[in-house]
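Survey of secondary and tertiary structure
Here are the chains, one letter per residue:
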Amino acid sequence: MRRLLIGLAAGTLFVAATACGSSDSGSDGGDSASGGTTTLKLGVIPIIDVAPMYLGEKKGFYKKRGLELEPTLAQGGAAIVPGVVSGQFDFGFSNMTSLLVAQSKNVPVKAVVNGVASTGKAGADFAEIAVRKGSPLKSASDLEGKKVAANTLGNICDTSVNESVRKAGGDPSEVEYVEMPFDQMPAALAKGQVDAACVVEPALATIKSQGGTVLASNFVDVSPYLTVAMYFTSQQYAEKNPELVKKFQEATAESLAYADEHPDEVREIITTYTKIPENLLETVVLPRWPAEPDRASIERLAELGQEDGLFEKAPDLDKLLP
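Definitions and limits used
- Residues numbered from 1 in each chain as written.
- Predicted model: local features only at pLDDT ≥ 70, side-chain atom pairs only at ≥ 80, totals over all residues.
- Heavy atoms only, no water.
- Disulfide = S-S within 2.5 Å.
- Helix = DSSP H or I, 4+ residues; strand = E, 2+ residues; numbered from the N terminus.
- Buried < 20%, exposed > 50% of the residue type's maximum accessible area, 1.4 Å probe, protein only.
- Axes fitted to C-alpha atoms, helices over the stretch in contact; angles between N-to-C directions.
- Parallel < 35°, antiparallel > 145°, perpendicular 65-115°, else oblique.
- Left-handed = near helix turned anticlockwise from the far one by under 90°.
- Contact = heavy atoms within 4.5 Å.
- Nonpolar A, V, L, I, M, F, W, Y, C, P; charged D, E, K, R; others polar.
- Pairing = 2+ DSSP bridges.
- Right-handed = clockwise from strand over helix to strand, strands pointing away.
- Core = buried A, V, L, I, M, F, W, Y, C linked by side-chain atoms within 4.5 Å.

Some words on the state of the cysteines
All told, the structure shown has one disulfide when counted by the stated rule. Each disulfide pairs two cysteine sulfurs, and for Cys-157 the partner residue is Cys-198, the sulfurs being separated by 2.1 Å. In this structure the cystine formed by Cys-157 and Cys-198 twists about its S-S bond by roughly -85°; its chirality is therefore left-handed. With Cys-157 in helix α5 (residues 156-167) and Cys-198 in strand β8 (residues 196-200), this pair connects stretches of sequence that are 41 residues apart. Residue classification places Cys-198 among the buried positions, given a relative accessible area of 1%.

Points about the packing of helix α3 (residues 77-85) against helix α4 (residues 96-104)
For any two helices packed against each other, one specifies the inter-axial angle together with the distance between the axes. Between α3 and α4, the shortest axis-to-axis distance is 9 Å and the interhelical angle comes to 45°. In terms of orientation, α3 and α4 fall into the oblique class. In this structure, α3 crosses over α4, and the sense of that crossing is right-handed. Two secondary-structure elements touch here, α3 through Gly-77, Ala-78 and Val-81 and α4 through Ser-98, Leu-99 and Ala-102. Grouping the constituent residues of the contact of α3 with α4 by class yields four nonpolar, two polar and no charged.

Focus on the pairing of strand β1 (residues 38-44)
Burial runs high along β1: seven of the seven residues are buried. A two-sided burial pattern is seen for β1, the buried positions comprising Thr-38, Leu-40, Leu-42 and Val-44 on one face and Thr-39, Lys-41 and Gly-43 on the other. As paired elements, β1 and strand β2 (residues 67-73) share seven bridges and run parallel to each other. Each bridged residue has a counterpart across the sheet, and for Thr-38 the counterpart in β2 is Leu-67. Traced from β1 through helix α2 (residues 51-59) to β2, the parallel crossover comes out right-handed.

Remarks on the nonpolar core
By size, the foremost hydrophobic cluster in this structure holds 105 residues, and its most contacted members are Val-109, Leu-143, Phe-248 and Ile-270. Those residues in contact with Phe-248 that lie beyond four places of it in its chain are Leu-40, Leu-42, Tyr-62, Leu-67, Leu-69, Phe-91, Val-112, Val-113 and Tyr-231.

With respect to the sheet that holds strand β6 (residues 147-150)
The strands making up a sheet are joined through hydrogen bonds of the backbone, oriented either antiparallel or parallel. Read across the open sheet, the five strands follow the order β7-β6-β8-β5-β9; overall the sheet is mixed. The outermost strands of the open sheet, each flanked by one partner alone, are β7 (176-179) and β9 (213-216). Mean inter-strand twist for the sheet, computed between neighbouring axes without regard to direction, equals 40°. Pairing between strand β5 (residues 127-131) and β9: three bridges, direction antiparallel. Bridge pairing in β9 links Val-131 to Thr-213. The strands touched by α5 within the sheet are β5, β6, β7, β8 and β9, with β7 carrying the most contacts at an inclination of about 150°.

A look at α2
Among the residues of α2, Ala-51, Pro-52, Met-53, Tyr-54, Leu-55 and Gly-56 are the ones counted as buried. Its buried side turned inward, α2 meets β1, β2, β10 (227-234), α10 (242-261) and α11 (263-269). Just past α2, the residue Gly-60 takes up positive phi, approximately 90°.

Treat this as a map of the structure, not an account of what it does.
Right under this line is the structure:
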């Protein structure tokens, strides 16, 4: 198991972190000393996807259920998965492909509540394949032999970009992926270090402000309303702390609904944990935050993962999903 967790995290570095916090956390199922509040340690990514969680914390949706969140920022789901399984985090946020890879290797992860979904609008999604201003690339098929930035390798970025390349008539095996954090992609594109980027908001807004354009909508190419990511925990934590899991589910569901209904507050909250300049806030494309995951779209991700050789055996969605 130790080798497996190291493998899942390989090549992925933490980019920021909060304080480690006290020993009183949700991991023992008990309350901390501060008024019966349980502190939950979360592994998240500094992208627009997790805005509802920050917004829900601000609005008191977690507090009214006796929960306090302690987020730690990471580069991608591939780093967060081993953090949750090892007990470093009580819950984590991860793209579905990372969770599918983990489940296929019998890593004991359990998705507990929906995270984020595509807008379903080609050319107007919160995640796109972007190229710099003046790029000669005009179609996803042009990515053959080119360098494409992805936040983590062997993951939802490259497998979804591969699908865009296939749909455009290209050969995805000829694409070279370069791992880097989302917030470094605008500069890497501008300097010509990569030819394209699998990028999400708010970094996407920065690329567009520099004259960059959209080559294809990789998440939409996978499935119109793709469930991109979910919040998850370890099977051990879920079995040991069912009430805390239920409270987290309820608070997060309320946060998702609130975020969907209050886009202006979403734009405001992302300035507190990302590097988005305030003058670009109005240009940020917001994702969808539905209450329930779209199982058919997750099944499609699993099919593409198998096609791309990400799984040694097919993942068991019944064990993974709530």
